[in-house]
Structure formats: structure tokens, C-alpha cells
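# Structural description and commentary
Below, each chain spelled out in residue letters.
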Amino acid sequence: MKPIIQLAPIKGITDRTFRSAFIRHFGGLDSALAPFVKLSDSESKIKSLSPELNPGIRTVPQILTKSPDEFISLAERFKIMGCGEVNWNLGCPFAMAVKRAEGAAMLQSPDLIASFLEKIFTDVSIPVSIKMRMGMHSPDEILKLMPVLNSFPVKEIVIHPRTGEQMYDGELYLDLFDSALKLSTHPVIYNGDLKTLSDYNRLSESFPSVKGWMIGRGILINPFLAMEIKNGKSETEAVKLERVKQFLDYLLDAYMQDLQSPAHVLDKMRGLWFYLSQSFPDSRKAEKRIRKAGSINHYRDEVKRIFDMAAVQISSE
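Let me sum up the structure you'll find in this document.

### Looking at the packing of helix H3 (residues 68-81) against helix H5 (residues 110-123)
Between H3 and H5, the least distance of the axes is 9 Å, while the angle of their chain directions is 35 degrees. In this structure, H3 crosses over H5, and the sense of that crossing is right-handed. Facing H3, whose interface residues are Pro 68, Asp 69, Phe 71, Ile 72 and Glu 76, H5 presents Phe 116, Lys 119, Ile 120 and Asp 123. Here the contact of H3 with H5 is composed, by residue class, of five nonpolar, no polar and four charged.

As C-alpha cells, this is what we get:
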């Protein structure tokens, strides 16, 4: 059986337009967890998560809130829209969420989490999954949380083996992840620093009971990663280069149709290139070229220059 692979939410990048373009050009994903929404978000942002606007990939809305009533309200709206699952964000490490005692900040309070889950599972009629970290400040906080989560009918748990305090850098607490995995009575999805086929092979050997794998930055750096994991092999470098170029052209055109301002389009493409540039020769220079592009035409010229340089390197190898 081929591994289950989910796209992780990367705020500002893995939106509906990106997800649609990615599936069209690469594939390999079984589902996507959308960047979080709040009850105060615009109607258009909430409606963008409907299945009819996300053809080709099962998209799970993610809700960031500490209020059970807000979660219930949004969850029921997503059910009416036709979504088959919602996810509760217990992992966001950003300062604004932590200051509001949301996301990873809640991991310090098992009793509060228990109260929240008791309320929502009384009133919500749609499956609920959870995305979380090991804790806010200490990775062993998760050991107190697993018995709490085991008490409720959670669909599955996505675990990033870092603390909220670490953000996205530093040690992965894989031993404690293994302990949490063994404690959980729910299916567990692994998420964190999975960037290569070798990473997957190592992690899947270490954690054979993991149900699936959620990948974010690794797929932005190497869009072929999901298919490489599924098939155990990759395309030639020349084929990969051409397909990435086609993807970028398609995505740029899609954003130009979706967004009113060329500046917003460029911001979207710069966000993606922050990661994608790492798969190109002289990645820092490539990312800098894209970051300094001041117009759509300037951006197109820089992309052509980057791809021409990469093609020359491939032909000389």
C-alpha cells in the first residue's frame, strides 16, 4: 500500500489557487489541510474552502480558536458546504495566536482542552481531527495531553515533534513523538522536516505505525516529493525542470486572474520562491532575483534567467 500524504498548511502560500495548480501539474497528494480560518474571517475566505472550489483534492478546513462556540459555528457551516472533516489548530506558534491563548498556547492547559472537546463533541456533527505540537514550552507536555485526547472521538491527530516556542527550527523530539504515538488510541499523522525521500525512508522505518505523512516546506522546495515517496523514484532533472516551469507559468496566470493587484501576485510568487529557490543552483541568488522583481514582466525575465542557468548546468552534467 502506498503511503498517505497530506499537504500541510503554509499561510499565504498553500491557498486554493496553489492547491489546484499543484494537483494539475504534480499530484501525489491524498488531501490538503488548508491554512487556518477564524470566525471573523471574510465570507469569501470561508467559502473558498468548499469542495466545489477545490476540485481534484480533498481539502480539510482548519479552525483556529479557543472558543468552543466559534468552532461549532464554523464546523457546522463547513458541513453544510459539503466538507467531510474539520481540523482544530493546536499547533500555531505565531505570537498573535499565542498572545490570544490560541493554537500552541493551549497545549499548556489539558483541562481547558478537555472542556473544549467535551463541548464540541456534544454539538458538532462532522468528524474532527487535530493538528498539534509536542507542547508550548516543553515537549513532554504531550504526554499529559494524549490521555485527554484519547477520551474523545477524534478522527486523527497530526503531530509536529517540536514545541510552539521552537517555531520551525531546532531539535525534533522524535523519542517523545514515539512515546506519544504509542500512547495514542487515534491514528497519528507525522509532520515536520520531511524534505527528501531519504527523510521519509528513515522516518517510516522508525515509526511504522504512523498512518500518514503531512508535508509542507519539503513539497514547496521539491514539488515532486510526494510522487517520489509514493513511487520510490524520481523524474530526470530535465523533465522536472520543464514541469516546474509549466507549473509556475500556470500559477502566475491563475493569480493574475484571481487577484486585482500585480503587487499581490508578486507577493504570492515571492512567497513560493522563498522555498522553491532551494532546489536551484545558487539558491540565495535565485531567491534574491525574484524578491527584487518590481513588476510582472521583471519577474518573468528573472524566472527565465534562473531556468536558463539551471538548464545549462543540467546539460553539462
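### Overview of the sheet that holds strand E8 (residues 188-191)
Ordered in space as E3-E2-E1-E9-E8-E7-E6-E5-E4, the nine strands form an open sheet in which the pairing is parallel. One side of each edge strand has no neighbouring strand; the edge strands of this open sheet are strand E3 (58-60) and strand E4 (62-63). Relative to E3, strand E2 (residues 31-33) runs parallel, the two being bridged by three bridges. If you follow Ser 31 over to E3, its bridge partner there is Arg 58. The strands touched by H3 are E4, strand E5 (86-90) and strand E6 (128-135); relative to E5, the strand with the most contacts, the crossing angle is about 150 degrees. The sheet strands contacting helix H6 (residues 141-150) are E6 and strand E7 (157-163), and the helix crosses E6 at an angle near 160 degrees.

### Overview of helix H14 (residues 296-316)
For H14, spanning 21 residues, the distance from its first C-alpha to its last is 31 Å, which sits close to the expected 30 Å at 1.5 Å a residue. Among the residues making up H14, those that are buried are Ile 296, Tyr 299, Glu 302, Val 303, Ile 306, Phe 307 and Ala 310. Looking down the long axis of H14, one finds its buried residues gathered within 130 degrees of arc, a one-sided arrangement. H14 presents Asn 297, Val 312, Ser 315 and Ser 316 as exposed residues on the side facing more than 90 degrees away from its buried surface. In this structure, the buried side of H14 is in contact with helix H11 (237-258), helix H12 (262-276) and helix H13 (283-291).

### Concerning the nonpolar core
In this structure, Phe 18, Phe 71, Ile 113, Met 132, Leu 248, Trp 273 and Tyr 299 are the most contacted members of the largest nonpolar core, which totals 91 residues. Ala 8, Leu 33, Val 158 and Ile 189 belong to the second largest nonpolar core, which has six residues in total.

### Quick word on the pattern of salt bridges
Per the counting criterion, the structure on display carries 25 salt bridges. The closest approach of N and O atoms between Asp 178 and Lys 182, which form a salt bridge, is 3.0 Å. Note that Asp 178 and Lys 182 are positioned in helix H7 (residues 174-183) at a spacing of four residues, about one turn of the helix. We note a salt bridge from Lys 240 to Glu 237, for which the minimum N-O separation is 3.8 Å. Taken together, the positions of Lys 240 and Glu 237, both in helix H11 and three residues apart, correspond to about one turn of that helix. A single network of salt bridges, built from pairs that share partners, joins Lys 38, Arg 100 and Glu 102.

Conventions we followed
- Residues numbered from 1 in each chain as written.
- Predicted model: local features only at pLDDT ≥ 70, side-chain atom pairs only at ≥ 80, totals over all residues.
- Heavy atoms only, no water.
- Axes fitted to C-alpha atoms, helices over the stretch in contact; angles between N-to-C directions.
- Helix = DSSP H or I, 4+ residues; strand = E, 2+ residues; numbered from the N terminus.
- Left-handed = near helix turned anticlockwise from the far one by under 90°.
- Contact = heavy atoms within 4.5 Å.
- Nonpolar A, V, L, I, M, F, W, Y, C, P; charged D, E, K, R; others polar.
- Pairing = 2+ DSSP bridges.
- Expected span 1.5 Å × (residues − 1).
- Buried < 20%, exposed > 50% of the residue type's maximum accessible area, 1.4 Å probe, protein only.
- Arc of directions from axis to C-beta.
- Core = buried A, V, L, I, M, F, W, Y, C linked by side-chain atoms within 4.5 Å.
- Salt bridge = Lys/Arg side-chain N within 4 Å of Asp/Glu carboxyl O.

In short, the description is geometric, and any link to function would need to be established separately.
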